[in-house]
Amino acid sequence: MKNKFLDLLAQRYESEEKVVTEIINLEAILDLPKGTEHFVSDLHGEYQAFQHVLRNGSGKVKEKIRDRFSNELSEEEITEFATLVYYPEEKLQLIKSHFANKKEINEWYIKKIEHLIQLVSYASSKYTRSKLRKALPKQFVYIIEELLYKTDDYTNKKPYYKKIVEQVISLDQADELIIGLAYTTQRLVVDHLHVVGDIYDRGPEPDKIMDTLINYHSVDVQWGNHDVLWLGAFAGSKVCLANIIRICARYDNLDIIEDVYGINLRPLLNLAEKYYEDNPAFRPKRQSNKKISDQEQSQITKIHQAIAMIQFKLESPIIKRRPNFNMEKRLVLEKVNYEKNEITLRGETYPLVNTCFATVNPEQPDQLLEEEQQVIDKLLFSVRHSEKLGRHMRFLMKKGSLYLKYNGNLLIHGCIPIDEQGNMEEMKIENKSYAGRELLDIFEHYLRYSFDHPEETDDLATDMVWYLWTGEHSSLFGKREMTTFERYFITDKKTHKEVKNPYYYMRENEEICHKILKEFELDPMHGHIINGHTPVKEIEGENPIKANGKIVVIDGGFSKAYQPTTGIAGYTLLYNSYGMQLVAHKHFNSKQEVLHNGNDVLSVKRLVDKELKRKKVRETNVGESLLQEISMLKGLLKYRYMK
Ligand SMILES: O=P(O)(O)OC[C@H]1O[C@](O)(COP(=O)(O)O)[C@@H](O)[C@@H]1O
Ligand SMILES: [Mn+2]
């Protein structure tokens, strides 16, 4: 077996020289400084704000420009340069429109290309040439390499450099080259991106975020509860599907379902028109930049009610067939007194408002009408046949996981369910109890199984995906119950409260963080927990760095809907060879504002950790696999070439 493997390897490295060269190359990489990791979370469909953070590398682009050019450029010029790197196509047009003639433009081209080459050279100093080559725009690799490697001896080579650039300009390629160099810079500044969950829901353009991630050079995702809801819908869970449509209706985002993913909403609309009226509790949340007509609002309000009622009905049989989910208290439709229009929850009776129970049979409240059944079946069929949704969901599965151990850190969207004593909470699944890491592993197993078996829609695996969205022991939800029904129909706010898992206050305690890191076989001295999911209420003085720096919560809320609560527009984290930096982003208005005023949303940086010694690739995950590769290549050398 081993020899067979080495024979295969020998096909790739067919000479002794090639094996040796590769070993030397890999050894050299091990001693380079570790690449920059960029962490973002809770993007919630806010594509524009996300784009900005990605393009400016959470401030790293500007920092590099400042480091390299502060002697030559004014602060204003640095800002303009940075904006050119973020949005090269648009900024080019804007800058060019200010020049009087071609000659002025050409002079500017020469200067800017020179600056960009110097910037790329500076930003790539910790990479091998081969890695840099991969980051260069394909059509200009030769030219850029000429320019890059001649700049070492710049004064002597100036005429040569000038000649090349003049050629580029006269051949009308300057814009393309500048754009290519700008994107190369963006790519060099961040080596790897982690998305710590919640790409979907609330905001308008999750699909564009997905397309960006699919094209990104290096990325992983830790699924959030909202992502899992979409995965569940695609994996055949009707109740997850009802939820995603309900949330899209609530946030006036049904065009994501209908126009972007091509899912036909007509049958649902027909049902909605037949049974529902206007209802203040179900009107879509207004988005500042979007106008809707009264007719549209009325349709969405009706759809919102229709799908919410389907959702509540679909929850009931799952709760009944899965006693281990311990969700009997969520059998809300059965707790309603339909004559008196009130509900009894935990021994207390509350009046119901804004109800829309036209399709509910009080004798069998969870029974779907034939029409409702048909609607949800058709929706599922449509979802399964959406090419684009399929592509996005498969990518989420491929790059995603419930948690990730990466360079000594633990990345999770929500929580590790624990009790008040700080012990891992147990959940029984098919007669076996799971807790901590084992619980998360079995959750992920079910999610993957469900995804691979979409034809099974009522099995444990599919139900488990919904549990991940809403169950008390779900590491993604992390609350005792979801009070959606109460928030629509009961005015008494105390019924709306969703009690959080003790994790959310216990995580302030360093000992608890150590315990969790150990549970995942990570070194508690050096590791950190990187968390998303709960908006950090900066307004109320909450600190995203907790437990003496052992845990960082980076959900500051990209989500516009949540910004009044958080007082900030998002946190991101950077981890380079010098340590970790937390970056707080102010509210992002628009790309236009950045283009015209250079307004950068960035602000404070707080140091989470400072490496005493610059960290090298050797000490990272990537380093670990390079070391394995080296050892295999050494094996090949011995086996094939008797070295
Ligand atoms: O703000 P909305 O749309 O009412 O949603 C509230 C629901 O979202 C949740 O907070 C989950 O979403 P998050 O992961 O963004 O927190 C539920 O706990 C809650 O019931
Ligand atoms: Mn979340």
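Throughout, residues of each chain are indexed from 1 in the direction in which the sequence is written. Ligands are numbered from 1 and chains lettered from A, in the order in which they are written. Given that this is a predicted model, residues contribute local features only at a pLDDT of at least 70 and side-chain atom pairs are listed and counted only at 80 or more, while totals for whole chains, interfaces and linings are drawn from all residues. The basis for the side-chain values is all heavy atoms of the structure; hydrogens and waters are excluded.

- The name given to the chain in an unreviewed UniProt entry is Fructose-1,6-bisphosphatase class 3, and the organism recorded there is Oceanobacillus picturae.
- Its UniProt record gives the chain a comment under Catalytic activity (unreviewed entry), which states: "beta-D-fructose 1,6-bisphosphate + H2O = beta-D-fructose 6-phosphate + phosphate". UniProt positions are given in the numbering used here, feature names are shortened, and annotations may be inferred rather than shown by experiment.

### Some points on the overall build of the chain
Consideration 1: Starting at the N terminus, helices and strands are each numbered in turn, a helix being any DSSP run of H or I of at least four residues and a strand any DSSP run of E of at least two. Counting its secondary structure elements, the chain contains 27 helices and 17 strands.
Consideration 2: Principal-axis analysis of the C-alpha atoms gives the chain an extent of 90 × 70 × 45 Å.
Consideration 3: Buried residues are those whose accessible area, probed at 1.4 Å on protein chains only, stays under 20% of the maximum for their type, while exposed residues exceed 50% and partly exposed ones sit between those limits. Across the 643 residues of the chain, 57% fall into the buried class.
Consideration 4: Any pair of residues with heavy atoms lying within 4.5 Å of one another is described as a contacting pair. Residue pairs at least 24 apart in sequence account for 72% of intrachain contacts in the chain once pairs closer than 6 positions are excluded.

### Considerations on the confidence of the model for the chain
Consideration 1: Mean pLDDT over the chain stands at 92; residues scoring 70 or higher make up 96%.
Consideration 2: Predicted as a complex, the structure gets a pTM of 0.94 and an ipTM equal to 0.96. On a range of 0 to 100, pLDDT expresses the predictor's confidence in each residue.

### Things to note about the domain arrangement of the chain
Consideration 1: Taken domain by domain, the chain consists of domain 1 (1–32 + 625–643) and domain 2 (206–213 + 218–489).
Consideration 2: Summarising the inter-unit geometry, the C-alpha centres of domain 1 and domain 2 are found 49 Å apart. Bear in mind that the domain bounds are from an automatic or database domain assignment.

### Some thoughts on empty space enclosed by the protein
Consideration 1: A cavity here means a set of 1 Å grid points, computed over protein atoms only, where a 1.4 Å probe fits but cannot escape. A pocket is an open set with protein on both sides within 12 Å along at least 5 of 7 lines, and lining residues have an atom within 4 Å of a point. Grid points are joined across faces, edges and corners, and a volume is the space filled by probe spheres set on the points. Summed over the entire model, instances satisfying the criterion amount to 5 cavities of 30 Å³ or more.
Consideration 2: Computed from the structure, the largest cavity encloses a volume of approximately 110 Å³.
Consideration 3: The wall of the largest cavity is formed by 13 residues, among which Glu315, Arg330, Thr470, Met482 and Thr484 lie closest to the centre.
Consideration 4: Sorting the residues of the lining of the largest cavity by element identifies α17 (294–321), α21 (460–470) and α22 (484–489) as the ones contributing at least two each.
Consideration 5: Under the grouping applied here, Gly and all other residues not named as nonpolar or charged are polar, the nonpolar ones being Ala, Val, Leu, Ile, Met, Phe, Trp, Tyr, Cys and Pro and the charged ones Asp, Glu, Lys and Arg. Residue composition of the lining of the largest cavity, grouped by class: 7 nonpolar, 4 polar and 2 charged.

### A look at the pairing of strand β15 (residues 571–576)
Consideration 1: Among the 6 residues in β15, 6 count as buried, and that is most of the element.
Consideration 2: By the alternation rule, side chains of β15 split into Tyr571, Leu573 and Tyr575 and Thr572, Leu574 and Asn576, which are all buried.
Consideration 3: The rule for pairing is simple: two strands pair if DSSP sees at least two bridges between them. In this structure, strand β1 (residues 37–40) lies alongside β15, joined through 3 bridges in antiparallel fashion. In the sheet register, glutamate 37 faces β15, and the bridge partner there is tyrosine 575.
Consideration 4: Across 6 bridges, β15 lies against strand β16 (residues 579–585) in antiparallel orientation. Paired with tyrosine 571 across the two strands is alanine 584, which belongs to β16.
Consideration 5: In sequence, β15 turns back onto β16 through a hairpin of 2 residues.

### Details of the nonpolar core
Consideration 1: Grouping buried Ala, Val, Leu, Ile, Met, Phe, Trp, Tyr and Cys residues that are joined through side-chain atoms within 4.5 Å yields what is termed a nonpolar core. Core analysis: the biggest nonpolar cluster contains 177 residues, and Ile199, Trp230, Ile245, Ile429, Phe485, Phe489 and Tyr503 have the highest contact counts within it.
Consideration 2: The dominant element in this core, judged by the number of residues it contributes, is α17, at 11 residues.
Consideration 3: Aside from chain neighbours lying at most four places away, what touches tryptophan 230 is Tyr200, Asp201, Ile244, Cys248, Ile256, Ile257, Tyr261, Leu389 and Met393.
Consideration 4: One finds Leu411, Ile554, Tyr571 and Leu573 within the second-largest nonpolar core, a separate group that totals 18 residues.

### What to know about the packing of helix α6 (residues 88–96) against helix α7 (residues 102–123)
Consideration 1: Interaxial distance between α6 and α7 falls to 11 Å at its minimum, and their mutual angle equals 140°. Taken together, the axes of α6 and α7 lie oblique to each other. Along its contact with α6, which presents Leu92, Ile95 and Lys96, the element α7 presents Ile105, Trp108 and Tyr109. Helix axes are fitted only over the stretch in contact, all axes being lines through C-alpha atoms; the angle between N-to-C directions runs from 0 to 180 degrees. For classification, angles of less than 35 degrees are called roughly parallel, those exceeding 145 degrees roughly antiparallel, those between 65 and 115 degrees roughly perpendicular, and all remaining angles oblique.

### A look at the site of ligand 1
Consideration 1: If a single non-hydrogen atom of a residue is within 4 Å of a molecule or strand, that residue counts as near it. Looking at ligand 1, there are 14 residues lining it, with Arg202, Arg250, Tyr251, Arg487 and Glu498 nearest.
Consideration 2: Within the side chain of aspartate 198, an N or O atom sits 3.3 Å from an oxygen atom of ligand 1.
Consideration 3: One of the side-chain N or O atoms of arginine 487 is found 2.5 Å from an oxygen atom in ligand 1.
Consideration 4: Compared with its free state, where it exposes 470 Å², ligand 1 has 87% of that area covered by protein. Under the rule applied, a polar contact is a pair of N or O atoms within 3.5 Å (in protein, one hydrogen donor and one hydrogen acceptor; residues adjacent in sequence only if both atoms are side-chain atoms). The protein chains shown are the only cover counted for residues, whose accessible areas, like all others here, come from Shrake-Rupley with a 1.4 Å probe.

### Concerning the pattern of salt bridges
Consideration 1: When a carboxyl oxygen of Asp or Glu lies within 4 Å of a side-chain nitrogen of Lys or Arg, that pair is called a salt bridge. Counted under the stated rule, the structure contains 40 salt bridges.
Consideration 2: Here glutamate 37 ties to lysine 34 by a salt bridge, and the two come within 2.9 Å at their closest N and O atoms. Residues glutamate 37 and lysine 34 agree in their burial class; the two are buried.
Consideration 3: In this structure, lysine 208 and glutamate 205 form a salt bridge, with 3.0 Å as the shortest nitrogen-oxygen distance.

### Regarding the pairing of strand β10 (residues 426–429)
Consideration 1: Only one face of β10 is covered, namely the one carrying Met427 and Ile429; the face carrying Glu426 and Lys428 has none of its residues buried.
Consideration 2: Here β10 runs beside strand β11 (residues 432–435); their pairing, made up of 4 bridges, is antiparallel. The residue of β11 that forms the bridge with lysine 428 is serine 433.
Consideration 3: What sits between β10 and β11 in their antiparallel hairpin is a turn of 2 residues, with glutamate 430 showing a positive phi close to 45°.

### Here's the deal with the coordination of the manganese ion (ligand 2)
Consideration 1: For Na, K and Ca the donor cutoff is 3.2 Å, while for all other metals N, O and S atoms count as donors only within 2.8 Å; water does not appear among the atoms, so some sites may look incomplete. Protein coordination at the manganese ion (ligand 2) comes from Asp198 (OD), Asn225 (OD1), His413 (NE2) and His533 (ND1), with a distance range of 2.1 to 2.3 Å.
Consideration 2: Read N to C, the donor residues that coordinate the manganese ion (ligand 2) are spaced as D-x26-N-x187-H-x119-H. Separated by 335 residues along the polypeptide, aspartate 198 in the loop between β2 (192–195) and α12 (206–215) and histidine 533 in the loop between β12 (529–531) and β13 (545–546) bring together distant segments of the chain.
Consideration 3: Here aspartate 198 falls in the buried class, since its relative accessible area comes to 1%.
Consideration 4: A relative accessible area of 11% places histidine 533 in the buried class.

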